[in-house]
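A closer look at the structure
Spelled out from the first residue to the last, the chains are:
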Amino acid sequence: MLENLNYQLFYLINATPASPEAMIDFATFLAKDLISIVPALAAILWLWGPRSQVKAQRQLVIKVAMALGVSILVSFALGHVFPHPRPFVAHVGYTFLHHAPDDSFPSDHGTVIFTFALAFLFWHRLWSGAVLMVAALAIAWSRIYLGVHWPLDMVGGFLVGLIGCVSAAILWSLFGDALYRGLSSLYRAIFAIPIRKGWIRD
């Protein structure tokens with residue numbers, strides 16, 4: 001039943017040769033480039049911001065990194081336990097984005113961006129989490145639209161992201177303070193010169 005739903009939703013979303021070229025280009029940008037907001041936003045939060053908020057921002061970055069680490073490990077394990085071919089490998093629909101013919105479930109892009117969005121919902125602000133969730137849904141849509149993922153791959157990415165965030169919350173309660181102090185000391189040692197020049201926060 002789930003597989004039938006997977007196919008039906010895929011055919012409903014997947015682009016065809018008749019789809020507008022501008023939409024294909026837009027979806028390609030979403031599918032390939034929008035994910036770069038993850039490292040960019042993490043770097044911005046760690047390096048800059050109001051002095052009164054820097055500690056909270058860096059703790060958020062560490063929590064996000066922990067959640068992503070767990071999510072990626074879980075995603076890797078699920079991909080081996082429940083292998084599933086990509087649509088183009090199964091000769092289903094149309095493909096407009098080059099991709100290796102590896103297993104599709106759960107989506108790596110979906111796992112990363114949904115983990116990121118959920119982390120901001122849980123640990124930052126409702127509005128920032130909502131904006132990132134819109135970005136996550138856009139990426140999920142684009143990779144189905146371009147024919148490299150199934151809808152359930154993205155559902156899997158969301159659920160794995162949830163597991164990652166819950167696990168990170170537990171790990172933070174156990175090791176968070178020590179990890180923050182250690183990483184802060186390491187950061188100040190490595191980036192001593194730009195910190196001293198005032199280019200980034202101490």
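Residues numbered from 1 in each chain as written. Predicted model: local features only at pLDDT ≥ 70, side-chain atom pairs only at ≥ 80, totals over all residues. Heavy atoms only, no water.

Let me state the cut-off plainly: UniProt positions are given in the numbering used here, feature names are shortened, and annotations may be inferred rather than shown by experiment.
In the annotation of an unreviewed UniProt entry, the entry for the protein chain reads undecaprenyl-diphosphate phosphatase, and the organism field reads Enterobacter chinensis. What UniProt records for the protein chain under Catalytic activity (unreviewed entry) is the sentence "di-trans,octa-cis-undecaprenyl diphosphate + H2O = di-trans,octa-cis-undecaprenyl phosphate + phosphate + H(+)".

Overview of the layout of surface pockets
What counts here: Throughout, the protein atoms alone are placed on a 1 Å grid, and a set of points is a cavity if a 1.4 Å probe fits but cannot get out or a pocket if it is open with protein on both sides within 12 Å along at least five of seven lines; lining residues have an atom within 4 Å of a point. Grid points are joined across faces, edges and corners, and a volume is the space filled by probe spheres set on the points. Runs of E in the DSSP output that reach at least two residues are strands. Runs of H or I that reach at least four are helices, and both are numbered from the N terminus.
As a volume, the largest pocket reaches approximately 240 Å³. If you trace the largest pocket, you find 14 residues lining it, with Ser75, Phe76, Gly79, Asp103 and Asp108 closest to the centre. Elements that contribute at least two residues to the lining of the largest pocket include exactly α4 (54-81) and α5 (108-123). Approximately 160 Å³ is the volume attributed to the second largest pocket. Together, Gln53, Ala56, Gln57, Gln59, Leu60, Lys63, Trp123, His124 and Arg125 line the second largest pocket. For the lining of the second largest pocket, the leading source of residues is α4, giving five residues.

A few points about helix α7 (residues 151-190)
Rules: Any helix carries an expected span of 1.5 Å times its number of residues minus one. At any given residue, the bend is defined as the angle formed between two axes, one fitted to the seven residues that end at that position and one fitted to the seven that begin there.
With 40 residues, α7 extends only 43 Å from end C-alpha to end C-alpha; this falls clearly short of the ideal 58 Å at 1.5 Å per step. At Phe175, α7 is bent by approximately 70°, the largest bend along its length.

As for the UniProt feature "transmembrane region" (unreviewed entry) in the protein chain
Residues annotated by UniProt as "transmembrane region" (unreviewed entry) correspond here to residues 26-48, 60-82, 130-148 and 154-175. Span residues 60-82 is 96% helix and 0% strand, its end C-alpha atoms 32 Å apart. End-to-end, the C-alpha atoms of residues 130-148 are 25 Å apart, and along that stretch the chain is 84% helix and 0% strand.

Digging into the UniProt feature "domain: Phosphatidic acid phosphatase type 2/haloperoxidase" (unreviewed entry) in the protein chain
UniProt's feature table lists "domain: Phosphatidic acid phosphatase type 2/haloperoxidase" (unreviewed entry) at residues 61-169, given in the numbering used throughout. Along residues 61-169, the helical share is 70% and the strand share 0%, with 13 Å between the first and last C-alpha atoms.

A few points about the packing of aromatic side chains
Each aromatic ring pair is summarised here by two numbers: the centre-to-centre distance and the angle between the ring planes. To keep things clear, this is the line we draw: Centre distance within 6.5 Å is the pairing criterion for rings of Phe, Tyr and Trp, where only the six-membered ring of Trp is used; planes under 30 degrees apart are then read as stacked, over 60 as edge-to-face, and the remainder as tilted.
Using the criterion set out here, one finds nine aromatic pairs in the structure. Ring pairs connect the aromatic residues Tyr7, Phe10, Tyr11 and Trp150, which therefore count as one cluster.

Overview of the nonpolar core
Our working definition: We define a nonpolar core as any set of buried Ala, Val, Leu, Ile, Met, Phe, Trp, Tyr and Cys residues linked to one another through side-chain atoms lying within 4.5 Å. Burial classification: accessible surface area is computed with a 1.4 Å probe over protein chains only, and a residue below 20% of its type maximum counts as buried, one above 50% as exposed, and the rest as partly exposed. Pairs of residues are marked as contacts when any of their non-hydrogen atoms sit within 4.5 Å.
Counting 40 residues, the largest nonpolar core has Val38, Val64 and Phe120 as its most contacted members. Residue assignment for this core shows that the elements contributing at least two residues are α3 (37-47), α4, α5, α6 (126-145) and α7. The element contributing the most residues to this core is α5, with eight residues. Discounting chain neighbours no more than four positions away, the residues touching Val64 are Phe116, Ala119, Phe120 and Trp123. By size, the runner-up hydrophobic cluster in this structure holds eight residues, among which are Ile24, Ala31, Tyr145 and Val148.

Thoughts on the packing of helix α2 (residues 21-32) against α6
Quick reminder of the rule: Whenever a helix is involved, its axis is fitted only over the stretch in contact; in every case the axis is a line through C-alpha atoms, and angles between N-to-C directions fall within 0 to 180 degrees. For classification, angles of less than 35 degrees are called roughly parallel, those exceeding 145 degrees roughly antiparallel, those between 65 and 115 degrees roughly perpendicular, and all remaining angles oblique. Here a crossing is called left-handed whenever its near helix is offset anticlockwise from the far helix by less than a right angle, and right-handed whenever the offset is clockwise. Under the scheme applied here, ten amino acids are nonpolar (Ala, Val, Leu, Ile, Met, Phe, Trp, Tyr, Cys and Pro), four are charged (Asp, Glu, Lys and Arg), and all others, including Gly, are polar.
Running from N to C, α2 and α6 point in directions that differ by 125°, and their axes come no closer than 8 Å. It follows from the interaxial angle that α2 and α6 lie oblique. The element α2 and its partner α6 pack so that their crossing is left-handed. Counting all contacts with α2, which are made through Met23, Ile24, Ala27, Leu30 and Ala31, the residues of α6 involved are Ala138, Ile139, Trp141, Ser142, Arg143 and Tyr145. Classifying every residue of the contact of α2 with α6 by side-chain character gives nine nonpolar, one polar and one charged.

Digging into the environment of Asp202
Threshold: Polar contacts here mean pairs of N or O atoms no more than 3.5 Å apart (in protein, one a potential hydrogen donor and the other a potential acceptor; neighbouring residues in sequence count only if both atoms are side-chain atoms).
Its location among the elements puts Asp202 in the segment after α8 (192-196). Its relative accessible area of 41% is what places Asp202 among the partly exposed residues. Here Asp202 is in contact with Arg51, Val54, Arg58, Tyr187, Arg188 and Ile195, once residues within four sequence places are set aside. Polar contacts involving the side chain of Asp202 include one to the side chain of Arg51, which spans 3.2 Å.

Quick look at the side chain of Ser19
Relative to the assigned elements, Ser19 resides in the loop between α1 (2-13) and α2. Discounting residues that sit within four places of it in the chain, Ser19 has contacts with Ile24 and Tyr145.

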